[in-house]
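Reading the structure
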Amino acid sequence: MRPSRERPATDDADPYLPGRPDPGFTVQSYDLDLDYRVATNRLDGVAEVAATTTRPLEEVRLELTGLRVGDVRVDGARPARWRQQPRHLTVRLASALPAGASFTVRVAYQGQPRPLVGRWGDVGWEELTDGVIVAGQPDGAPSWFPCHDSPGDKAAFRVAVSAEAPYTVVANGVRTQRTARAGRVRWVYEQPEPTAPYLAAVQVGRYDELLLAGGPVVQRAYVPRPLVARARADLARQPQMMTLFTELFGPYPFAEYAVVVTADDLEVPLEAQAMSTFGANHVDGRGTWERLVAHELAHQWFGNSLTVGTWRDIWLHEGFACYAEWLWSAASGGQDADTLARASHARHARLPQDIDVADPGPDRMFDDRVYQRGALVLHALRLDLGEEAFARLLRTWAVTHRHSTVDTAAFVACASSVAGRPVDALVRRWLAARLPAWPA
Ligand SMILES: [Zn+2]
């Protein structure tokens, strides 16, 4: 038997997520069957993880924190052994697997899920006053299911949750089943498109389900009854946003889109796959936070369909979502993107210029400068390429890399290809810590 020890940090697959080496497999699908009691925050789960080895493996390591594993099967049989550590479940296989082998790990687990507390605050499964949200970004997925929590390891999801009858459960994708029995309701959602674990989510609350009229995609909202009128007003133009973004970025990447408004206030809205969640404080019936409605919707393309392989490239999510706010503003009678970009540039010229936009470091990956400076990179390209080529770039980028993993080099290559000349120097200059002067 090998002694158990953590691997050295140099093995980290993502420097922003220390202690998580490449596990030697990629996941094809997660099938989660969860029994949940809101009253006691008690979760009983069975997770089936279907994966393929990328190198010969004697052990399979999944991330899981704060929940107790009761049973493990590999391809239906008992493994040689398994052991649970605070952040991992390590399964010793009965016989080693060669590279390229498919296998399924079935994990039965239970407990009271809690958010993981770290440098990014509370992430993952979190109890609300009367319900639950999952805010998985960037590393909270192991708070509620065993997984390989890397943004680059995307998989299909099927999530079944049973909960007390008064509660509505919303998960990623399309609802395929809703069965009531003995005071409980079982909800089944399927998300066949590749989904990063941090974008998997379950939202539980006392919600009314609304259908938002118009637009090219079915859009639902789940809202506490007292907030319905305000949410209807604030989401009234979301179908028009959907139309605009499908024109600009190509087809919406998923079958439907859901917006959840929680009864509690939330610090920030958050995107999940085919879903976004807003706090009660983000709806006021006057459209005050409409730019955030646009921002979260844009993440369905930039972040959820095109997902970074490692977190250092997060500007490819946030810079684009921020730029989409400016595009929506321009298209909806607000200030145009150039005016907003100039104001942002002037503001950032007065701020410390010590953040490398394409590698801000784990502590500053959610710094507003990454968002705004990321958007300024795009505006600088727009001024350089001209309107027609820039529009082609946005669409080409989103369509070519649909449902895949991206990085800054891939974006530069795409931009150079659309421009018909290298734009590396321009992009690198705008990504660098020192803010360039406004283009003459
Ligand atoms: Zn964002």
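Analysis parameters
- Residues numbered from 1 in each chain as written.
- Predicted model: local features only at pLDDT ≥ 70, side-chain atom pairs only at ≥ 80, totals over all residues.
- Heavy atoms only, no water.
- UniProt positions renumbered as here; feature names shortened; annotations may be inferred.
- Domains from an automatic or database assignment.
- Contact = heavy atoms within 4.5 Å.
- Buried area = accessible area lost by both parts, 1.4 Å probe.
- Helix = DSSP H or I, 4+ residues; strand = E, 2+ residues; numbered from the N terminus.
- Donors = N, O, S within 2.8 Å, 3.2 Å for Na, K, Ca; no water.
- Buried < 20%, exposed > 50% of the residue type's maximum accessible area, 1.4 Å probe, protein only.
- Expected span 1.5 Å × (residues − 1).

With an unreviewed UniProt entry as reference, the chain is termed Aminopeptidase N, source organism Cellulomonas phragmiteti. Quoted straight from UniProt, the Catalytic activity (unreviewed entry) entry for the chain says "Release of an N-terminal amino acid, Xaa-|-Yaa- from a peptide, amide or arylamide. Xaa is preferably Ala, but may be most amino acids including Pro (slow action). When a terminal hydrophobic residue is followed by a prolyl residue, the two may be released as an intact Xaa-Pro dipeptide."

Moving on, we come to the domain arrangement of the chain. According to the domain assignment, the chain consists of domain 1 (26-206), domain 2 (208-300) and domain 3 (310-431). Put simply, the middle of domain 1 and the middle of domain 2, counted by C-alpha atoms, are 26 Å apart. Listed per partner, the contact involves 22 residues of domain 1 and 21 residues of domain 2. Buried area between domain 1 and domain 2, summed over both chains or domains, comes out near 1,600 Å², and the portion from carbon and sulfur atoms is 60%. The three residues of domain 1 that bury the most area against domain 2 are Val170, Leu199 and Gln203, which together make up 26% of that side's buried surface.

This part is about the UniProt feature "domain: Aminopeptidase N-like N-terminal" (unreviewed entry) in the chain. With numbering aligned to this structure, UniProt lists the feature "domain: Aminopeptidase N-like N-terminal" (unreviewed entry) at residues 28-199. Between the C-alpha atoms that bound residues 28-199 there is a distance of 15 Å. The span itself is 0% helix and 64% strand.

This part takes up the coordination of the zinc ion. Only His295 (NE2), His299 (NE2) and Glu318 (OE) from the protein reach the zinc ion as donors, at distances of 2.0 to 2.1 Å. In terms of primary sequence, the donors binding the zinc ion are separated according to H-x3-H-x18-E. Residue His295 and its partner His299 are both found in helix 3 (residues 290-299); the two are separated by four residues, about one turn of the helix. By the burial criterion, His295 is buried, and His299 matches it.

In this numbering, the UniProt entry assigns the feature "domain: Peptidase M1 membrane alanine aminopeptidase" (unreviewed entry) to residues 240-430. Secondary structure within residues 240-430 divides into 53% helix and 10% strand; the distance between the first and last C-alpha atoms comes to 31 Å.

Moving on: helix 4 (residues 315-331). In a regular helix each residue adds 1.5 Å, so 17 residues correspond to 24 Å; helix 4 covers 23 Å between its end C-alpha atoms and thus fits that length. Of all 17 residues that make up helix 4, 15 are buried, and the element is covered over most of its length. Following helix 4 by one or two positions, Gly333 has its phi on the positive side, about 90 degrees.

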